[in-house]
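Here is how the chains run, residue by residue.
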Amino acid sequence: MNETPPFCGQELVTFSKFYAQHVHGYASLMICIVGSVANIINIIVLTRKDMISPTNVVLTGLAIADLAVLLDYVPYTCHIYLRPSSHSIRDRYTYGWALLVLWHSNFSQVFHTISIWLTVVLAVWRYIAVAYPQKNRDWCKMENTYKAVIAGYIVCPVLCIPVFLSFDVTPTMELLDDNGFQTKNDSLGTNITVYVVTMSNAEIIKENILQELNFVIYSVVFKLTPSVLLTILSLRLVCALVETKKRRQKLTSSLTRKNAKNVEKEKQTDRTTRMLLAVLILFLVTEVPQGILGSLTLLFGQTFFKDCYQKLGDIADILALTNSAINFSVYYMMSRQFRTTFKSLLSYNTDPSRKHFRLNEANNHTTTQMTHV
């Protein structure tokens, strides 16, 4: 009897296996290390006194969430993808390692959702700044910005509750030989309990209610809805940039000192808007495919999930990790203020004269204190 071919073809199965075994572990580890350093730099630069602004507060919150996602993925990828082949199943599937996998599943979903929330906030804040500049100071003031960022860190874990309930650590029996590897020979093997992360055994899960709810929340609420909103806002921002360019050209023809200041201010606004558009586009490239895959899973069921969705899981992960790691490059290339602040921090820490100045300042301060004793 012929077996039913995989839903998305045997080629995808072959590619998925090759990529997981030979590429994903090393690629994801490298991205996590580089991206973690980059996000730490983002946080340091964006929190400088002269960099504080509503937009940069949101970008700082985004960098913290991205950093959490990248750091969390390091032990996971080392355990799942970079274990040597000599590492036995008995040692690989302990209860402790299963808890780590479950923790990673929940933790990464929460902080990735926070990143999505903050990306939407970033787009809304920028659209208000461009389309309603007269309302910007009231609507997007620092107080409201802090509230929006903190709300993301509070609301997103609540939205992820169906994810927490959908998976659990499950004990299962495996026939293993003396070295801890699988065997089919009963005389050479012993039944050993190993632990894996599977769908929860709760009754609501058995009826597929929570599982379907999980996919609805994941694909529609977390992916497609933000993607549609960001696409609309991105198009509005592009239109606003075009209008600003036309208005600047008219001003240039009758340029006065006052108009010159306005033109320079608009140019700075345009640069910031272009930078944030790049961030939004990178987000869309990452999230839209995952939202589509989740929607197709709801349409075609478990067959599509096993043969297609899961086989593309590692590709989705590497895209998400890249998106979390790449923002430093975007800021550095497209924001003059970010470059200036970053370079000043480097020069401040590496310039011997500044170190000498700080040392003399400290000595003078100590001498002054001793004089007044």
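Residues numbered from 1 in each chain as written. Predicted model: local features only at pLDDT ≥ 70, side-chain atom pairs only at ≥ 80, totals over all residues. Heavy atoms only, no water.

Under an unreviewed UniProt entry, the name given to the chain is G-protein coupled receptors family 1 profile domain-containing protein, and the organism recorded is Parthenolecanium corni. As stated in UniProt under Sequence similarities (unreviewed entry), the record for the chain gives "Belongs to the G-protein coupled receptor 1 family." (UniProt positions renumbered as here; feature names shortened; annotations may be inferred.)

Asker: Teacher, can you tell me more about the overall build of the chain here?
Answerer: Looking only at helices and strands, the chain features 16 helices and 2 strands. The 373 residues of the chain split such that 40% are buried. When contacts within the chain are restricted to residue pairs at least 6 apart in sequence, those whose partners lie at least 24 apart make up 76%. Here the chain has roughly 21,300 Å² of accessible surface; of this, 63% comes from carbon and sulfur atoms. (Helix = DSSP H or I, 4+ residues; strand = E, 2+ residues; numbered from the N terminus. Buried < 20%, exposed > 50% of the residue type's maximum accessible area, 1.4 Å probe, protein only. Contact = heavy atoms within 4.5 Å. Areas by Shrake-Rupley, 256 points an atom, 1.4 Å probe, with all protein chains shown as cover.)

Asker: Sorry if this is basic, but what is going on with the state of the cysteines here?
Answerer: Here a disulfide denotes a covalent bond joining the sulfur atom of one cysteine to the sulfur atom of another. Following the criterion strictly, the structure yields 1 disulfide and no others. Between the sulfur of Cys8 and that of Cys308 lies a disulfide, 1.8 Å long from S to S. When the S-S torsion is 105°, as for the bridge of Cys8 with Cys308, the disulfide is right-handed. In this pair, Cys8 sits in the segment before helix H1 (10-22) while Cys308 sits in helix H12 (residues 302-309), placing the two residues 300 residues apart along the sequence. With no disulfide of its own, Cys78 lies 8.9 Å from the sulfur of Cys32, the closest cysteine sulfur. (Disulfide = S-S within 2.5 Å.)

Asker: Can you walk me through the packing of aromatic side chains in this structure?
Answerer: What describes a pair of aromatic rings is the distance from one ring centre to the other and the angle between the planes of the rings. Inspection of the entire model under this criterion finds 16 aromatic pairs. An angle of 70° between the planes, with centres 5.8 Å apart, marks the rings of Phe328 and Phe338 as edge-to-face. Of this pair, Phe328 sits in helix H14 (residues 327-334) while Phe338 sits in helix H15 (residues 336-350), and the two are 10 residues apart along the sequence. Residue classification places Phe328 among the buried positions, given a relative accessible area of 16%. (Phe/Tyr/Trp six-rings, centres within 6.5 Å; stacked < 30°, edge-to-face > 60°.)

Asker: Teacher, can you tell me more about the packing of helix H3 (residues 54-80) against helix H7 (residues 142-159) here?
Answerer: Two quantities define a packed helix pair, namely the angle between the helix axes and the distance between the axes. Contact geometry of H3 with H7 gives a least axis separation of 9 Å together with a crossing angle of 15°. Taken together, the axes of H3 and H7 lie roughly parallel to each other. With respect to the hand of their crossing, H3 and H7 are arranged in right-handed fashion. Of the residues in H7, those touching H3 at Pro54, Val57, Val58, Gly61, Ile64 and Ala65 are Met142, Thr145, Tyr146, Val149 and Tyr153. Of the residues that constitute the contact of H3 with H7, the class distribution is 9 nonpolar, 2 polar and no charged. (Axes fitted to C-alpha atoms, helices over the stretch in contact; angles between N-to-C directions. Parallel < 35°, antiparallel > 145°, perpendicular 65-115°, else oblique. Left-handed = near helix turned anticlockwise from the far one by under 90°. Nonpolar A, V, L, I, M, F, W, Y, C, P; charged D, E, K, R; others polar.)

Asker: Explain H12 to me, please; I cannot follow it from the model alone.
Answerer: For the α-helix, the turn length of 3.6 residues means that residues three or four positions removed from each other point alike. When H12 is considered as a whole, its buried residues turn out to be Phe304, Phe305, Cys308 and Tyr309. In a view along the axis of H12, the buried residues occupy a sector of 105°, so they form one face of it. (Arc of directions from axis to C-beta.)

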